[in-house]
Every structure is written in C-alpha cells, then in structure tokens.
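These are the residues of each chain, in order.
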Amino acid sequence: MHDPESPCTSTHCVHAGARPDAARPGVVPALELSTTYVLDDAAYALVRAGRGGDARIYARYGNPTIEALEARLAALEGAAAARVFASGMAALHGLLGAACAEGGAGHVVAARTIYGGTRDFLTSVWPAMGGRATFVDVEDAAALEAALADDARALLCESIANPTLEVADLPALAARCRAHGALLLVDATFATPALQRPLAHGADAVMHSASKYLGGHSDLLGGVVAGPAPLLARVDLWRRRTGGVLDPQVAHLLDRGLKTLALRMRAHCDGALRFAEALRAHPRVAHVRHPLLGAHAERARRLLHAGGGMVLLEVDGDEDAALRVLGALELALPAASLGGVETLVCTPATTSHAGLTTDARAALGIAPGAIRVSVGIEEPDDLVADFRRALDRA
Ligand SMILES: *Cc1c(COP(=O)(O)O)cnc(C)c1O
C-alpha cells in the first residue's frame, strides 16, 4: 500500500493500526483503565505454560488502549512493532537496555550533538549500569571509525540534531555500523515519521520523545521505541521489568494527537522555512540554521520529506542579548520543549545545554546568542512580525 521509503501521510495518521470491527465498533479506540483482569481457565493455562505474557493479567504488561496506540505507531514508522513509554527518557532507557545491555551494559557511541538529557543519561546512568559512552562528531569519518571499532554495540544519533539542526546521513552511518556489527539507533524526535522513516534508511531501531511533535500539543509526556520484532520483544521485557510503561489515559491522548501529525508537520515545516528565510535578512541576525538552508541542504532534500519545524537563530551579542529578544516577544512563548502547536523559544545556553561551558557549547556549534525556535502552526507572517518587532526593540 505504501512505499516504506516515503514518510507517512495524513491517510496513515488517521487510519493506520487497528480498524474498528464487530468486537470493537468504536471509531475511536476505547479508553480502558482497568489495571487488572478476571482470570479465567485460558489465562491460567497460559500462565502454567510459561506464557503469562500472552494473557491479559495486568496493565504494566500492556492493555488494549496502549496496544491500539502501538499498532498505529508501528504502522507510521513502517516497523514490525512499537512500545510506548512514560517519557522519551524512559524510551531511551528501554531501547539501550534492550539493545546494548545483554550480558552487561556495553559501549555506546553517540553523536556529540545530542539532546542534553541523552548526554546526561549516557554519562551518569549508563556507566552506573556498567556501560560506557563515547561522543563523536559523526561527520568525522576517522573518529567514527575508531569509536565503532572499539567494541561498540550501537551508534546513537538524532536524525535532525538538537539544537544545531545537522541532518544525519543515515544510509552512510548504517553502512559503517553494519561493518562493525553495531546497531544504528535513531532518535527521530525532531523529524517524526511524517518527514522520514529511519528504518527504511538502514536504522535498526527508532525512538521518539512523544512529548514533542507526536503528541503535538505540549500536554503530554511519552516516549516510543519502534523496530523489528525480536528487538522489540526485548524492549517489551525491559519495560515490564523496569515499569516505564505509558499510562492508558495518556496513550489515548497521544493516539488522538497522532491523527493530525502529518497535517501539523506540514504547517510546522512551511512556517519554519518561511520564518528562517525572512529572518535571515534581519540586520541583528548573524546566522540562521535550518536543515534546508545550510551545509546539509542537499542531504536534507535527499533524506527528508521537508525541513522540519525547528530553526536556530543566532543574534549578534551574548546570552543576555538573546534573552532580551525572548523577553520582547509578544506571540512566541519563552519555554523549553518543542513540537507543540504554539511557537516556543529558548536559548540552549540556559536550557538544554546549560550544563556546558561557553567553550564547550561553541565546540558543538552553539553560539552565545543562539535562540532555538520551535515554530508552531500560527500564520508565518504573524510570527515573522513578532520576531522583527522584538529584534528591533531588544
Ligand atoms: C525531549 C527530548 C528527549 C527526552 O524526552 P522526554 O519526553 O522529555 O523524556 C529525547 N530526545 C530528544 C531529541 C528530545 O527533544
């Protein structure tokens, strides 16, 4: 029905997953809140046969609302299976635990431009689990090669990096990983399956913070892991054991948000490109980063259906100058997080990358005056006017 290389469309977003049937005729999947189920002979027989996991017993193992959402997400990613977690960080924990911790946590290579929380996890929790992590510039072939050759179990990267918006060359990275017997794990939070399906480009598994575009309304926390069935069976077991499953009420809300994912992404992407092009010309803006405007534009056009909803503005001046611009905005809201219908702005220096020194941020390509803009679905002209006014005033 659908070319796996193509991103998911609104038709998929609305119809993917389970269809209503005689047993469940509701157009919308039912919200089931029961944590436990009356056991019958069939359930006892499954438990006795050591297959308790196949019986309806307890909601930490899954429930119909969660499973309907997982079926939709797996279909959107073109994956055999998906599992949902209480947050993106819980999904990361589940993915790395399942993929890289068999017989003890191993060596994980991560792109050096990666979400601050992921870096924190890899430098605190992962070593506490017995693992180690190395951060590399994935564009530096020699450094990547050396890191992967060092008994790496996986390479973890973001399809569009936070906040520098570099586009990962997934087919090339997948080839390097295969040569070393390492898995390619992709955090696709910024791109979403509406722009790219990483599994079709050689990734072994994909994860998301569903708190961002997948939910899309800044009103839920969630995470997703999607990929092939054998790996997802281990993810499922990890989730049962560690308990980071998504709550059914939130699962229901996320399932609702997913139906407009492709529609929202179109508005985010159109708005972000118009915004980036308009603000590039402003005298107070030193530099604008957007996947379709920078050094990776050709790669972005080849691998992504559109440029995404994120823009990094670099205003002249320091962190305080950037904060003054934020303070002068009337429409866009100064807040961390991203991917909601409202435009959110933050400075990486005071939020996602606050833990680093100015020099360390500069090494990652984050200028002192950097402002990360998660472009919402407002009229692009209104947003451009808001920023022009703020830049002129601040
Ligand atoms: C927000 C985010 C996460 C963490 O997700 P939570 O839902 O906040 O736990 C991971 N990766 C990226 C790229 C993110 O933006």
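Preceding block: the structure.
What counts, and where the lines are drawn
Residues numbered from 1 in each chain as written. Predicted model: local features only at pLDDT ≥ 70, side-chain atom pairs only at ≥ 80, totals over all residues. Heavy atoms only, no water. Buried < 20%, exposed > 50% of the residue type's maximum accessible area, 1.4 Å probe, protein only. Helix = DSSP H or I, 4+ residues; strand = E, 2+ residues; numbered from the N terminus. Pairing = 2+ DSSP bridges. Near = heavy atom within 4 Å. Polar contact = N/O pair within 3.5 Å; in protein donor to acceptor, adjacent residues only side chain to side chain. Areas by Shrake-Rupley, 256 points an atom, 1.4 Å probe, with all protein chains shown as cover. Nonpolar A, V, L, I, M, F, W, Y, C, P; charged D, E, K, R; others polar. Axes fitted to C-alpha atoms, helices over the stretch in contact; angles between N-to-C directions. Left-handed = near helix turned anticlockwise from the far one by under 90°. Contact = heavy atoms within 4.5 Å. Expected span 1.5 Å × (residues − 1). Salt bridge = Lys/Arg side-chain N within 4 Å of Asp/Glu carboxyl O. Arc of directions from axis to C-beta.

Draft legend 1. Highlighting the pairing of strand E6 (residues 205–209). With respect to burial, E6 is a largely interior element, 5 of its 5 residues being buried. Neither face of E6 is left uncovered, since the one carrying Ala205, Met207 and Ser209 and the one carrying Val206 and His208 both have all their residues buried. With 4 bridges joining them, E6 and strand E7 (residues 223–227) adopt antiparallel strand pairing. Bridge pairing links His208 to Val224 in E7.

Draft legend 2. Main features of the site of the ligand. Taken together, Ser87, Gly88, Met89, Tyr115, Glu158, Asp187, Thr189, Phe190, Ser209, Ser211, Lys212 and Gly222 form the complete shell of residues around the ligand. Gly88 places a main-chain nitrogen or oxygen 2.8 Å from an oxygen atom of the ligand. Starting from 380 Å² of accessible surface for the ligand in isolation, the protein chains cover 92%. Residue composition of the shell around the ligand, by class: 3 nonpolar, 6 polar and 3 charged.

Draft legend 3. Molecular detail of the pairing of E7. Counting buried residues along E7, 5 of its 5 residues qualify, which places the element largely inside the surrounding structure. By the alternation rule, side chains of E7 split into Gly223, Val225 and Gly227 and Val224 and Ala226, which are all buried. Bridge count between strand E1 (residues 81–85) and E7: 5 bridges; the pairing is antiparallel. For Phe85, the partnering residue across the bridge sits in E7 and is Gly223.

Draft legend 4. Representation of unusual backbone geometry within the structure. With an omega of 0 degrees, the peptide bond running from Asn162 to Pro163 counts as cis. Of note, Pro163 is situated in the loop between strand E4 (152–158) and helix H7 (170–179). Residue Ser218 is not a glycine yet carries a positive backbone phi of 55 degrees. Relative to the assigned elements, Ser218 resides in the loop between E6 and E7. The phi angle at Ser337 is positive, at roughly 70 degrees, despite the residue not being glycine. Structurally, the position occupied by Ser337 is in the loop between strand E10 (333–334) and strand E11 (344–346).

Draft legend 5. Structural context of the packing of helix H3 (residues 64–77) against helix H9 (residues 248–258). Between H3 and H9, the shortest axis-to-axis distance is 9 Å and the interhelical angle comes to 35 degrees. Considering the relative orientation of H3 and H9, their crossing is left-handed. Residues Thr65, Ile66, Ala68, Leu69, Arg72, Leu73 and Leu76 of H3 lie in contact with H9, whose contacting residues are Pro248, Ala251, His252, Leu254, Asp255 and Leu258. Split into classes, the residues belonging to the contact of H3 with H9 amount to 9 nonpolar, 2 polar and 2 charged.

Draft legend 6. Just the packing of helix H6 (residues 141–149) against H7, in detail. Contact geometry of H6 with H7 gives a least axis separation of 10 Å together with a crossing angle of 35 degrees. Considering how the two elements wind past one another, H6 and H7 form a crossing that is right-handed. Within the contact between the two elements, H6 uses Leu144, Glu145 and Leu148 and H7 uses Leu173, Arg176 and Cys177. When the residues that make up the contact of H6 with H7 are grouped by side-chain class, the tally is 4 nonpolar, no polar and 2 charged.

Draft legend 7. Representation of the sheet that holds strand E5 (residues 183–187) within the structure. Strands sit in the order E1-E7-E6-E5-E4-E2-E3 across an open sheet of 7 strands; the sheet is mixed. In this open sheet, the two strands that pair with only one neighbour each are E1 and strand E3 (132–136). Strand-to-strand, the axes of this sheet are offset by a mean angle of 20 degrees, without reference to chain direction. Relative to E6, E5 is paired through 3 bridges, and the arrangement is parallel. Counterpart to Asp187 in the pairing with E6 is Met207. Most of the contacts of H7 go to E5, to which it runs at about 145 degrees, and overall it touches E4 and E5. Where helix H8 (residues 229–242) meets the sheet, its contacts fall on E1, E6 and E7, and the angle it forms with E1 comes to roughly 25 degrees.

Draft legend 8. Structural context of H3. For H3, with 14 residues, the first-to-last C-alpha span of 20 Å sits near the 20 Å given by 1.5 Å per residue. Buried within H3 are the following residues: Pro64, Thr65, Ile66, Ala68, Leu69, Glu70, Arg72, Leu73, Ala74, Leu76 and Glu77. In this structure, the buried residues of H3 make contact with helix H1 (10–15), E1, E6, E7, H8 and H9. You can read the cap of H3 off the contacts: a side-chain oxygen lies 2.8 Å from the backbone nitrogen of Thr65, and it is on Asn63.

Draft legend 9. Broad picture of the environment of Ala175. Relative to the assigned elements, Ala175 resides in helix H7. Separated by 28 residues in the primary sequence, Ala175 and Ala203 have C-alpha atoms spaced 9.7 Å apart.

Draft legend 10. Looking closely at the pattern of salt bridges. This model, assessed by the stated rule, comprises 23 salt bridges. One salt bridge in this structure joins Asp150 and Arg132, with 3.1 Å as the shortest N-O distance. Pair noted here: Asp150 is in the loop between H6 and E4 and Arg132 is in strand E3, with a separation of 18 residues, a long-range link. The exposure class assigned to Asp150 is partly exposed, which follows from its relative accessible area of 36%.

Draft legend 11. Region of interest: H6. Listed in full, the buried residues belonging to H6 are Leu144, Ala147 and Leu148. Mapping the buried residues of H6 onto a view down its axis gives an arc of 95 degrees, with all of them on the same face. Those residues of H6 that are exposed and angled more than 90 degrees off the buried face are Ala142, Ala146 and Ala149. In the core, the buried residues of H6 are packed alongside strand E2 (107–111), E3, E4 and H7. Where H6 terminates, the next one or two residues include Asp151, which has phi positive at roughly 55 degrees.

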